[in-house]
Amino acid sequence: MCSSDLACEGEDTLSEDVTYFGSTADVDPSISLDTGKTILPLSDLALIPVTTINISSIDVEVMRIDERTISSVRNLFSGLDRWDSNRVRNWDGEVLGGKTIKISGDPGVEQSFNVDVSSIIDTDEPGLYVAIFDAVELDVPYYVAKPTQWFMRTNIGVAVYSGTTETKIELRRFDDLQAVAGASVELLAQNNRMLFEGISDESGSVVVPVSALRGEGGNAPEYIEIGRASCRERV
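Everything numeric in this text was worked out from a predicted model, so none of it was measured.

A.B. asks: Describe the overall build of the chain, listing the residues and the values that go with them.
C.D. replies: Across its full length, the chain holds two helices and 15 strands. Per-residue burial over the chain gives 37% buried out of 235 residues. Of all intrachain contacts in the chain linking residues separated by at least 6 positions in sequence, the fraction that spans at least 24 positions is 66%.

Spelled out as structure tokens, the structure:
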């Protein structure tokens, strides 16, 4: 066996070192979202974390979903293609605004930043929203979903405790953790049928009998709608 720096007997040697050059393939352009950021409290900034690669600018469009059409939204909480987006614009909700954001950075390097939704929608109205992201570099086909971020703007936190005979719903505000008393609580099925209606007590609690939760198919419980004198929120 020969050492790495000595030639074996009968072998030729080079007069100088040989250097090899290589490169990896270009990274495909992409926009990545943190889908866990689904609740944006009204007391905080409405920030959506975004990570891009090989994207020069992104277009962001924000729409609000009408509470009474939520059960008919196609691909709710999933990525929306152009057909889905047009349906939301014209049927299930309304467009609140859009924005183009320029991105600087080296090619092939991830760029991470926050998009302040408040600067786009200019409203603190509670409810369900969806932000759709696009970029020229993505070249997304018509029936392929674009990067989509669903989020709820609310100041009400909801905790649900299920038992054998009843389910308890507790409401507290995000900003001061105080109980939300006197709120109307509606439990709705997938087909938008009312399954239960009640008012939260001084502790912010509502008790739902198990009989209201036994539906199947379109009658299965799906949404909790919390209403006050000035607003309604579906969570």
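Anyway, onward from the coordinates.
A.B. asks: Can you break down unusual backbone geometry residue by residue, with the values?
C.D. replies: The backbone phi angle of Asn-75 is positive, close to 60 degrees, even though this residue is not glycine. You can see Asn-75 is positioned in the loop between strand 4 (57-65) and helix 1 (82-92). Look at Asn-75 and you get partly exposed, because its relative accessible area is 32%. Unlike most non-glycine residues, Phe-77 shows phi in positive territory, near 65 degrees. For Phe-77, the location among the structural elements is in the loop between strand 4 and helix 1.

A.B. asks: Describe the nonpolar core, listing the residues and the values that go with them.
C.D. replies: Ranked by internal contacts, the top residues of the largest apolar core, which has 21 residues, are Ile-31, Ile-48, Ile-58, Val-60, Val-62, Phe-133 and Phe-151. Mapped onto this core, the elements with two or more residues apiece are strand 1 (30-33), strand 3 (47-53), strand 4, helix 2 (118-121) and strand 7 (127-134). Discounting residues that sit within four places of it in the chain, Val-62 has contacts with Glu-94, Val-95, Leu-96, Gly-97, Val-117, Ile-120, Ile-121, Tyr-129, Val-130, Ala-131 and Phe-151. Grouped together as the second largest cluster of nonpolar side chains are 15 residues, Ile-169, Ala-183, Leu-187 and Ile-224 included.

About the criteria used
- Counting restarts for each chain: residues are numbered from 1 in the order of the written sequence.
- Only residues with pLDDT of 70 or above have their local features reported here, since the model is predicted, and side-chain atom pairs are shown and tallied only from 80 upward, although totals for entire chains, interfaces and linings are computed over all residues.
- The side-chain values count all of the structure's non-hydrogen atoms but skip hydrogen atoms and water molecules.
- Strands are runs of DSSP state E lasting at least two residues, helices are runs of H or I lasting at least four, and both sets are numbered from the N terminus onward.
- Accessible area is worked out with a 1.4 Å probe on protein chains only. A residue is then buried under 20% of its type maximum, exposed over 50%, and partly exposed in between.
- A contact between two residues is defined here by any heavy atoms of the two lying within 4.5 Å.
- Throughout this description, the term nonpolar core refers to a set of buried Ala, Val, Leu, Ile, Met, Phe, Trp, Tyr and Cys residues connected via side-chain atoms within 4.5 Å.

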